[in-house]
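# Examination of the molecular architecture
Each chain is listed here by its residues.
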Amino acid sequence: MALVVQKFGGTSVGSIDRIRNVARRAIAAQKRGDDIVVIVSAMSGETNRLLGLAHEMVKVPDAREMDVIASTGEQVTAALTAMAIQNEGGQARSLLGHQVKILTDGAFTKARIKTIEGSKIFSTLKKGQIAVVAGFQGVDEEGDITTLGRGGSDTSAVAIAAAIGADACEIYTDVDGVYTTDPNICPSARKIPRISYEEMLELASLGAKVLQIRSVEIAMKYGVPVHVRSSFSDAEGTWVTGEDKSLEDVVVAGVAYDKGVRAFTASA
Ligand code: ADP
Ligand code: ASP
Ligand code: MG
């Protein structure tokens, strides 16, 4: 029996049908005998919509209030996912950042996790329930809601996996693994079956948003095996793990890009 964290990104929870699919996946994994903690993102486009509303209200919104509004996207998905699991005959309970409790510093919109308490998650699992945790959010010492920066649900997932000693952290997304470069931009990109934390960190820092950089840093620090895979298929994805002997000779594992950056060469 294993303890597994499954994180589902925005596209994977982008509609009622897709959330039902998440529920079925989590139940199937639990039926295989594992304890399952599901981390969910906001439905695709929702965080942008919420931030857009704030900017419509005022040019420079207050950072504390930004986090109050931005965190609601994940709250909605967590409740819908728990309902979907119940509707499929399973048992589930949603948990928000402050309920878990994911304690962060007070840097609104880009908070860093200080500690994560495991007790609420463990008591939920002990009852045979799937714990559904809202990604992207935490709470600071003052009790204020914080968020972890764009793409922060990856960091929630890996940090929770580290805190509860999970056997693996599965990152379900809209591509079936980590590629040599963004497969949605470069059709000749190749899937990488296994990549070291160091190489993944390099890809992420060069702009491969498939994993938020901080999630890779935490995975490396605590040795969390991360499996990046598609929520739409059962295909094996990419394992991000400690250095593998077969990887020692690989100098460049992939090429990433940053959409906002162009290189210009001035000719004399
Ligand atoms: P999620 O909403 O599931 O968190 P993201 O949009 O944050 O998903 O990340 C997945 C996206 O990352 C893919 O759709 C892909 O376009 C992009 N991507 C960029 N670089 C890579 C890469 N090297 N390998 C795989 N995906 C990549
Ligand atoms: N919903 C947040 C975002 O869009 C966090 C995440 O999806 O990882 O950035
Ligand atoms: Mg993401």
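This structure is a prediction, so every number in the text was calculated from the model and none was measured.

### Looking at the overall build of the protein
- Scanning the protein from terminus to terminus reveals 9 helices and 12 strands.
- In summary, the protein has a C-alpha radius of gyration of 18 Å against a globular reference of 18 Å for 268 residues, a match within 12%.
- Overall, the C-alpha framework of the protein stretches about 65 × 50 × 35 Å when taken along its three principal axes.
- Buried residues in the protein amount to 49% of all 268 residues.

### So, the nonpolar core
- In this structure, Val5, Val37, Ile121, Ile160 and Val226 are the most contacted members of the largest nonpolar core, which totals 38 residues.
- The biggest single contributor to this core is helix α7 (residues 152-164), with 6 residues.
- Val38, Ala92, Ile130 and Tyr172 belong to the second-largest nonpolar core, a separate cluster that totals 22 residues.

### Topic: the site of ligand 1
- For ligand 1, the set of nearby residues contains 17 residues, the closest of which are Thr173, Asp174, Tyr179, Asp182 and Asn184.
- Lysine 209 is positioned such that a nitrogen or oxygen atom in its side chain is 3.1 Å from an oxygen atom of ligand 1.
- In the complex, 89% of the free accessible area of ligand 1, which totals 570 Å², lies under the protein chains.
- For ligand 1, the cavity whose grid points lie within 2 Å of the majority of its atoms is the largest pocket.

What counts and what doesn't
- Counting from 1, residues in each chain are numbered in the order their sequence is written.
- Chain letters start at A and ligand numbers start at 1, both assigned in the order the entries are written.
- For this predicted model, a pLDDT threshold of at least 70 governs which residues receive local features, and a threshold of 80 or more governs which side-chain atom pairs are given and counted, while totals over whole chains, interfaces and linings are taken from all residues.
- By convention in this description, side-chain values take in all heavy atoms of the structure and omit both hydrogens and water.
- Secondary structure counts use DSSP, requiring at least four H or I residues in a row for a helix and at least two E residues in a row for a strand, with both numbered from the N terminus.
- Computation of the radius of gyration draws on C-alpha atoms alone. For the globule rule, the value is 2.2 Å times the number of residues to the power 0.38.
- Residue exposure (1.4 Å probe, protein chains only): buried if accessible area is under 20% of the type maximum, exposed if over 50%, otherwise partly exposed.
- Nonpolar cores were defined as sets of buried Ala, Val, Leu, Ile, Met, Phe, Trp, Tyr and Cys residues, with membership established by side-chain atoms within 4.5 Å.
- Working definition: residue near molecule or strand if any one of its non-hydrogen atoms lies within 4 Å of it.
- N or O atoms within 3.5 Å of each other form a polar contact, as long as, within protein, one can give a hydrogen and the other can take it, and as long as residues adjacent in sequence are counted only when both atoms are side-chain atoms.
- Every accessible area reported is derived by Shrake-Rupley at a probe size of 1.4 Å, with residue values counting cover from the shown protein chains alone.
- Whether a set of points on the 1 Å grid over the protein atoms alone is a cavity depends on a 1.4 Å probe fitting there but being unable to get out, while an open set qualifies as a pocket with protein on both sides within 12 Å along at least five of seven lines; lining residues are those with an atom within 4 Å of a point.
- If over half the atoms of a molecule are within 2 Å of the grid points of a cavity or pocket, the molecule is regarded as sitting in it.

By themselves these figures say nothing about function.
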